[in-house]
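One letter stands for each residue in the lines below.
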Amino acid sequence: MTRKISACIFDMDGVLVHTEMHHFFAWKRLAKTLGFTIDEEFNEKLKGVSRTVCIDLILEHGGIQKTQHEKNKLAEQKNKWFLESVSSINENDVLPGVIDFLQDLRKNSYKMAVGSASKNAPLLLEKMGITSFFDAIIDGNKIQNAKPHPEVFLRAAQELAIDPFECVVFEDAQSGVEAAKTAGMFCVGVGDPVVLFKADVCIQNFVDMNLLKLHQLLDIA
Ligand code: B16
Ligand code: MG
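Sequence order as written defines residue numbering, which begins from 1 separately in each chain. Key to labels: chains lettered from A, ligands numbered from 1, both in the order written. Per-residue local features of the predicted model are confined to residues with pLDDT of at least 70, and side-chain atom pairs are confined, for both listing and counting, to 80 or more; whole-chain, interface and lining totals are unaffected and use all residues. Water and hydrogen atoms play no part in the side-chain values, which are based on all heavy atoms of the structure.

A. Expanded view of the pairing of strand β2 (residues 111-115). Think of it in three bands: with a 1.4 Å probe and only protein chains considered, a residue is buried below 20% of the maximum accessible area for its type, exposed above 50%, and partly exposed in between. Helix numbering and strand numbering both begin at the N terminus, where a helix is a DSSP run of H or I of at least 4 residues and a strand a DSSP run of E of at least 2. The buried fraction of β2 amounts to four of the five residues, a majority that puts the element mostly inside the structure. If DSSP finds at least two bridges between two strands, the strands pair. The pairing of strand β1 (residues 7-10) with β2 spans four bridges and is parallel. Opposite I9, over in β2, you have A113 as the bridge partner. The pairing of β2 with strand β3 (residues 136-138) spans three bridges and is classified as parallel. By the bridge assignment for β3, A113 is matched with A136. Crossovers are described as right-handed under a simple rule: with the strands pointing away from the observer, the path leading from the first strand over the helix to the second runs clockwise. In this fold, the crossover linking β2 to β3 by way of helix α6 (residues 121-128) has right-handed handedness.

B. Examining the pairing of strand β5 (residues 186-190) more closely. β5 sits mainly inside the fold: five of its five residues count as buried. A two-sided burial pattern is seen for β5, the buried positions comprising F186, V188 and V190 on one face and C187 and G189 on the other. As defined by bridge partners, strand β4 (residues 167-171) adjoins β5 across four bridges and the pair is classed as parallel. Looking at β5, one finds that V168 is bridged to F186. Where β5 lies against strand β6 (residues 201-203), three bridges are found, and the strand directions are parallel. Bridge pairing links V190 to I203 in β6.

C. The arrangement of the domain arrangement of the protein in detail. Bear in mind that the domain bounds are from an automatic or database domain assignment. Domains assigned within the protein are domain 1 (7-18 + 90-220) and domain 2 (20-85). Between the C-alpha centres of domain 1 and domain 2 there is a distance of 24 Å. Should any heavy atoms of two residues lie within 4.5 Å, those residues are considered in contact. With 14 residues of domain 1 at the contact, the number on the domain 2 side is 14 residues. Buried area: the sum, over both parts, of the accessible surface (1.4 Å probe) that disappears when the two are put together. Both sides of the domain 1 and domain 2 interface together cover about 1100 Å² of buried area, and 52% of this is carbon and sulfur. The largest per-residue losses of area from domain 1 upon contact with domain 2 belong to D13, H18 and N120, which jointly make up 36% of the total buried on that side. Any Lys or Arg side-chain nitrogen located within 4 Å of an Asp or Glu carboxyl oxygen qualifies as a salt bridge. In this structure, the connection of domain 1 to domain 2 is made through zero salt bridges. Any residue that is not Ala, Val, Leu, Ile, Met, Phe, Trp, Tyr, Cys, Pro, Asp, Glu, Lys or Arg is counted as polar, Gly included; the first ten are nonpolar and the last four charged. Looking at the side of domain 1 that touches domain 2 residue by residue, the classes come out as six nonpolar, four polar and four charged.

Following this line, the structure appears as structure tokens:
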């Protein structure tokens, strides 16, 4: 039996837009100034995770200790590099198939939200011209607990006034998949099913994605 779905909640980085590489380059640059390197495998741990938690993970990885004041400065520097690197993002950077899918959801009166750990989410959604699709935008400024804590998705469901059980989350990060499942939501992983093994189902991207396909995915999961 198909599970009733009334709302779709989208992670932003890595789902709506490929900003993950910009985050990775900025973190890599920061690690280099601290005298060590980070690779793509380690970067999986940083995806979906708040800026402050990322700093702690990176310092731990490099075996370095810093005061809170120094950590804040490092976070500020990373964000400066990240913002420089995404300065030219625009509507052409929305990932293939996303706009068509959002239009299909809107046409069929589904509620839509963004649930992102990023404090830059409102700015980036604006730059891509897709803010108006969403009935709620929950970003890193509005939550206390970073993914894998379910707060970001539960807040989104609350603002949409939809039962978490009727929400589908689209996520590209292990921490985000875990957050969605802890929130009691259906989770579509966007990316490698081996990495996102805790998701109910996985898709590679949103090309040719539509409501009918979403329901087929819900049926087989
Ligand atoms: P910011 P998401 C996350 O966004 C990114 O995946 C993660 O790499 C980043 O550290 C985090 O946002 C915080 O971003 O520094 O811009 O506040 O995937 O949850 O949309
Ligand atoms: Mg993400």
